[in-house]
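Chain by chain, the residues:
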Amino acid sequence: MWALYMDLANYTSDPVFEDEAWEILVDECVKTGIDTIVLGLANEVKYTSHPELSSKKALPRAKIRREVKRLRELGVSLIPGLNFSACHQNWLGDYRKMMGLPEYYRVCREIIYDVCELFDNPQYVHLGMDEEAEPLFYNNFEMVSYRRKELIWHDLQFFCDCVADKGVTPWIWADLRIDNPEEFRAHISTENILLSPWNYRGLKKEHYTPVSSNPKYVERYSKEPYKHLNMQYVEEDPLCVRFMNEAVPTAMDGYEIVPCASICFGCEYNPDDIVEYFTQNAPKDKLKGFMIAPWRRITLKDMDNVIRNLTLFREARDKYAN
């Protein structure tokens, strides 16, 4: 699999989808050899099950159906993305405040079933589940609520079971496995799940970013919980360290993986480093492909950056994976 992740959500009045940009994107994907596009939906699609969650600019269902069929004929699978991580589920509106209650589970199940039908029973549904319980990602929240202990594993299994009910494979970001390897192994089977370890920094020392290169890095890493680490490089961030320690072991544990790259932090070495690292180190039978995530919108002003991501991704594939 050579996949592209594009996210529709930005929770503002700014456009998230322009038809002309989408046509450019699809053409570039075909040229690049992308065979899978994961489309993060949030509020930007019309939900039959819960229309109250759809924004005014949400994509019509008929349009989604047409694109699923058209892209399939072009050799590209269009996959729905729904992020149920506590710090990324603002799109659920008031339902997000009901975590752990029957109403919450009912709504989540109905939405998952809805998108499985809308996307014509896709091979996968991406469930997100990244950055759960990371305090940094809740700094701008007026109300903070996240899962702990057994609730994490109960909810993850619940979402996976909802997807499996439709004969579809659940796909998640690998954060929960990387951050909690023993608990993840104890609770989540290696069968019928796809994980994406992600890292958008350099993996080789010569590609590291000095903390001193950006005032924002200096400010962030001069405070706790980082100050005592005396970091010289951004890649010494505990998030990056955990990735290097646990991403390949995730596959060695028996989980199928699709590592994800991006130049969203300005490191243009990242796609090359990611593809080389996993091609050389991960078990071949568990490495199911790679993904690139520009973290830009499907708008004309974002297309140059998206195409740059795709170009570097293709170059890495041609260099290491063919």
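Use the structure listed above.
Residues numbered from 1 in each chain as written. Predicted model: local features only at pLDDT ≥ 70, side-chain atom pairs only at ≥ 80, totals over all residues. Heavy atoms only, no water.

Novice: Where do I start with the overall build of the protein chain in this structure?
Specialist: Summing up its helical and strand segments, the protein chain has 10 helices and 9 strands in all. At 19 Å, the protein chain has a C-alpha radius of gyration in line with the 20 Å of a compact globule built from 322 residues. Counting only C-alpha atoms, the protein chain reaches 50 × 45 × 40 Å along its principal axes. Every one of the 322 residues in the protein chain was classed for burial, and the buried ones make up 54%. Residue pairs at least 24 apart in sequence account for 76% of intrachain contacts in the protein chain once pairs closer than 6 positions are excluded. Surface exposure of the protein chain reaches about 14700 Å², of which carbon and sulfur atoms provide 49%. (Helix = DSSP H or I, 4+ residues; strand = E, 2+ residues; numbered from the N terminus. Rg over C-alpha atoms; globule rule 2.2 N^0.38 Å. Buried < 20%, exposed > 50% of the residue type's maximum accessible area, 1.4 Å probe, protein only. Contact = heavy atoms within 4.5 Å. Areas by Shrake-Rupley, 256 points an atom, 1.4 Å probe, with all protein chains shown as cover.)

Novice: Mind showing me how you'd approach unusual backbone geometry here?
Specialist: At the junction of glutamate 224 and proline 225, the peptide bond is cis and its omega measures out at 15° in the coordinates. Looking at the element boundaries, proline 225 is found in the loop between helix 7 (215–221) and helix 8 (238–252). Positive phi outside glycine occurs at tryptophan 295, with the angle close to 55°. With respect to the helices, strands and loops of the structure, tryptophan 295 is situated in the loop between strand 9 (290–292) and helix 10 (300–320).

Novice: How do you make sense of the nonpolar core when you look at a structure like this?
Specialist: One broad trend across soluble globular proteins is that nonpolar side chains are buried collectively. Core analysis: the largest hydrophobic core is formed by 86 residues, its most contacted members being Leu25, Phe84 and Phe278. Tallying contributions element by element places helix 3 (residues 102–118) first for this core, with 9 residues. If near-sequence neighbours (up to four positions away) are discounted, leucine 25 is found in contact with Leu4, Met6, Ile298, Met303, Val306 and Leu310. (Core = buried A, V, L, I, M, F, W, Y, C linked by side-chain atoms within 4.5 Å.)

Novice: I tried to follow the packing of aromatic side chains on my own but got confused; where do I start?
Specialist: Any pair of aromatic rings gets described here by the distance separating the centres and the angle formed by the planes. All chains considered together, the criterion is met by 22 aromatic pairs. Aromatic rings pair up to connect Tyr47, Phe84, Trp91, Tyr104, Tyr105, Phe158 and Phe159 into one cluster. The residue whose ring lies beneath lysine 166 is tyrosine 113, and the NZ or CZ to ring-centre distance is 4.5 Å. Just above the ring of tryptophan 2 sits the side chain of arginine 317; from NZ or CZ to the centre is 5.9 Å. (Phe/Tyr/Trp six-rings, centres within 6.5 Å; stacked < 30°, edge-to-face > 60°. Lys NZ or Arg CZ within 6 Å of the ring centre and 35° of its normal.)

Novice: What should I look at first to understand the pairing of strand 5 (residues 169–173) in this one?
Specialist: Burial runs high along strand 5: 5 of the 5 residues are buried. Where strand 4 (residues 124–126) lies against strand 5, 3 bridges are found, and the strand directions are parallel. Along strand 5, the bridge assignment pairs histidine 126 with tryptophan 171. Taken together, the 3 bridges between strand 5 and strand 6 (residues 194–196) define a ladder with parallel strand orientation. If you follow isoleucine 172 over to strand 6, its bridge partner there is leucine 195. (Pairing = 2+ DSSP bridges.)

Just geometry here; none of it tells us what the structure is for.
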